[in-house]
Amino acid sequence: MMQVNIVEAKAEFSKLIRILESKREDSITVSRNGKPIIRMTLINDTSVSKRIGAGKGKFTVHGDFDRDNAEIAEALSGGAL
């Protein structure tokens, strides 16, 4: 993570954006008087269609995974434990 002061961020804004776009840094923290005030990051624009089902085939659920659903629902809704 890169850290710059606010004056440097103002003067080098385009350069900082290029650094993020090139993925040389994950985030850039901007500080005032040595105190971090903001963090710049790229916007994650992964579409929902690419996220749904991303884990398909990567793990296996064994047994009756939904066996305790009623008991869990009762516990979370304020029922007796």
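For the structure itself, look to the data block above.
The following paragraphs examine the structure supplied in this document. All values reported here derive from a predicted model rather than from experimental measurement.

Examining the sheet that holds strand β2 (residues 27-32)
- Spatially, the three strands line up as an open sheet ordered β1-β2-β3, and their pairing is mixed. With one partner strand each, in any of the chains shown, β1 (2-5) and β3 (35-41) form the two edges of the open sheet. Each neighbouring strand pair of the sheet contributes to a mean axis angle of 30°, computed without reference to strand direction.
- Here β2 runs beside β3; their pairing, made up of six bridges, is antiparallel. If you follow I28 over to β3, its bridge partner there is M40.

Quick word on the nonpolar core
- In this structure, V4, A9, L16, I19, L20, I28, V30 and M40 together form the largest nonpolar core, which totals eight residues.
- Looking at this core, the elements with two or more residues in it are α2 (13-21) and β2.
- Residue contributions to this core peak at three residues, all from α2.

Notes on unusual backbone geometry
- At K23, a residue that is not glycine, the phi angle is positive and equals roughly 65°.
- Within the secondary structure, K23 is located in the loop between α2 and β2.
- For K23, a relative accessible area of 60% puts it in the exposed group.

Examining the environment of I28
- Within the secondary structure layout, I28 lies in strand β2.
- Ignoring sequence-local partners within four residues, the contact set of I28 consists of M2, V4, L16, I19, L20, I38, R39 and M40.

Section: α2
- Where α2 is concerned, the buried positions are L16, I19 and L20. Buried residues of α2 fall within an arc of 95° about the axis and therefore sit on the same side.
- Against the buried residues of α2 lie β1, α1 (6-11), β2 and β3.
- K23 sits one or two positions beyond α2 and adopts a positive phi of about 65°.

Concerning the pattern of salt bridges
- This model, assessed by the stated rule, comprises one salt bridge.
- A salt bridge links R67 to D68; its shortest N-O distance comes to 3.6 Å.

What counts as what
Residues numbered from 1 in each chain as written. Predicted model: local features only at pLDDT ≥ 70, side-chain atom pairs only at ≥ 80, totals over all residues. Heavy atoms only, no water. Pairing = 2+ DSSP bridges. Helix = DSSP H or I, 4+ residues; strand = E, 2+ residues; numbered from the N terminus. Axes fitted to C-alpha atoms, helices over the stretch in contact; angles between N-to-C directions. Core = buried A, V, L, I, M, F, W, Y, C linked by side-chain atoms within 4.5 Å. Buried < 20%, exposed > 50% of the residue type's maximum accessible area, 1.4 Å probe, protein only. Contact = heavy atoms within 4.5 Å. Arc of directions from axis to C-beta. Salt bridge = Lys/Arg side-chain N within 4 Å of Asp/Glu carboxyl O.

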